[in-house]
Amino acid sequence: MLGVDGCKKGWVGVALGEGRVSAYFAARIGDLVSRAEEGGALEVVAVDIPIGLPDSGRRQADVLARREVGPRWQSVFMTPTRAALEAADHTSAIAINRRLAGEGVSRQAFALKKKLLEVDLWVHRARQHVVEVHPELCFARLAGAPLPVRKTTWAGVEHRRALLADAGIVIAGDIGLAGVMAGVDDVFDAAVAAWTAQRVAVGQARSVPCPPQVFGDGLSCAIWA
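Just so it is clear, the structure is predicted and the values come from calculations on it, not from any experiment. (Residues numbered from 1 in each chain as written. Predicted model: local features only at pLDDT ≥ 70, side-chain atom pairs only at ≥ 80, totals over all residues. Heavy atoms only, no water.)

Caption draft 1: Structural view of empty space enclosed by the protein. For the coordinates displayed, the defined rule picks out one cavity of 30 Å³ or more. The volume enclosed by the largest cavity comes to roughly 40 Å³. Lining the largest cavity are V14, V21, S22, A23, I171, A172, I175 and V187. Top element by residues in the lining of the largest cavity is strand β3 (residues 20-26). It accounts for three residues. Of the residues in the lining of the largest cavity, the class split is seven nonpolar, one polar and no charged. (1 Å grid on protein atoms, 1.4 Å probe; cavity = no way out; pocket = protein on both sides within 12 Å on 5 of 7 lines; lining within 4 Å. Points joined across faces, edges and corners; volume = space filled by probe spheres on them. Helix = DSSP H or I, 4+ residues; strand = E, 2+ residues; numbered from the N terminus. Nonpolar A, V, L, I, M, F, W, Y, C, P; charged D, E, K, R; others polar.)

Next comes the structure, spelled out in structure tokens:
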């Protein structure tokens with residue numbers, strides 16, 4: 001199982017299998033998955049990025065995930081429409097999204113354009129079962145309640161580390177290149193995504209919405225945890 005999170009320099013992944021926890025880094029998601037596969041076949045890949053871009057309106061996955069993570073709701077961006085993401089600049093994206101979805105596009109969401117379109121291209125040819133996750137939703141399900149503290153604080157880091165350890169996911173102090181290229185919160189987000197990948201594999205995970213939406217791209221659109 002592989003959990004994947006985006007970081008400033010590319011992608012970080014945490015793989016679980018046969019009692020091992022392994023971490024990987026690559027500039028592109030396809031390369032990351034290929035490197036992780038060198039350690040064994042991957043049944044499920046859980047990625048912290050929107051999969052399934054809306055033609056118009058909001059994705060129900062985003063709306064419902066925001067509701068469930070409570071105080072961490074601002075961590076769930078509203079995914080722009082496909083046409084807005086394909087716009088040349090942020091100003092154009094705002095205008096397009098207002099026409100198609102009745103609202104603009106945040107700078108944070110538009111800044112994810114490159115990674116969103118990279119995954120959109122990759123997922124159509126991926127051999128594995130690929131699902132979308134959101135780390136705050138995953139941690140909320142793991143803890144049984146929304147987490148009260150942001151992931152970038154010391155308290156937030158320690159809470160997340162403890163939750164993962166209780167679930168049997170202990171991150172080593174030295175994780176190689178992944179530890180150099182990715183932030184602490186990125187690694188923990190990938191780890192909890194891997195926890196969800198395990199749950200998907202054994203039928204324990206639940207999606208929002210259920211059943212998933214399907215847009216013009218034909219992809220199943222839901223966030224799993």
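Caption draft 2: Main features of the side chain of Q128. Position of Q128 relative to the elements: it lies in the loop between α6 (113-123) and β5 (129-133). A distance of 2.7 Å separates the side chain of Q128 from the side chain of E37, its partner in a polar contact. Q128 has contacts with V33, E37, L42, E43, V45 and W122, leaving out every residue within four places of it along the chain. (Polar contact = N/O pair within 3.5 Å; in protein donor to acceptor, adjacent residues only side chain to side chain. Contact = heavy atoms within 4.5 Å.)

Caption draft 3: Inspection of helix α4 (residues 90-101) at higher detail. An ideal rise of 1.5 Å per residue puts 16 Å on 12 residues; α4 measures up with 15 Å between its terminal C-alpha atoms. Among the residues of α4, those classed as buried are H90, A93, I94, N97 and A101. Around the axis of α4, the buried residues are gathered within 100° of arc, so they sit on the same side. In α4, the exposed positions angled more than 90 degrees off the buried face are occupied by T91, R98 and R99. Where α4 starts, the residue carrying a side-chain oxygen 3.3 Å from the main-chain nitrogen of T91 turns out to be D89. Residue G102 follows α4 closely and has a positive phi angle near 75°. (Expected span 1.5 Å × (residues − 1). Buried < 20%, exposed > 50% of the residue type's maximum accessible area, 1.4 Å probe, protein only. Arc of directions from axis to C-beta.)

Caption draft 4: Local environment of the packing of helix α8 (residues 154-166) against helix α10 (residues 184-201). At a minimum axis distance of 11 Å, the contact between α8 and α10 shows a crossing angle of 30°. Our classification of the angle between α8 and α10 gives roughly parallel. Here α8 and α10 pass one another in a crossing that is left-handed. In contact with V157, R160, R161 and L164 of α8, α10 contributes V184, F188, A191 and V192. In terms of residue class, the contact of α8 with α10 is made up of six nonpolar, no polar and two charged. (Axes fitted to C-alpha atoms, helices over the stretch in contact; angles between N-to-C directions. Parallel < 35°, antiparallel > 145°, perpendicular 65-115°, else oblique. Left-handed = near helix turned anticlockwise from the far one by under 90°.)

Caption draft 5: Representation of the packing of aromatic side chains within the structure. Taken as a whole and assessed by the stated rule, the structure comprises zero aromatic pairs. Directly above the aromatic system of W11 lies the positively charged group of K115, at a separation of 5.4 Å from the ring centroid. Seen from the ring of F139, R160 lies directly overhead, with NZ or CZ sitting 5.5 Å from the centre. (Phe/Tyr/Trp six-rings, centres within 6.5 Å; stacked < 30°, edge-to-face > 60°. Lys NZ or Arg CZ within 6 Å of the ring centre and 35° of its normal.)

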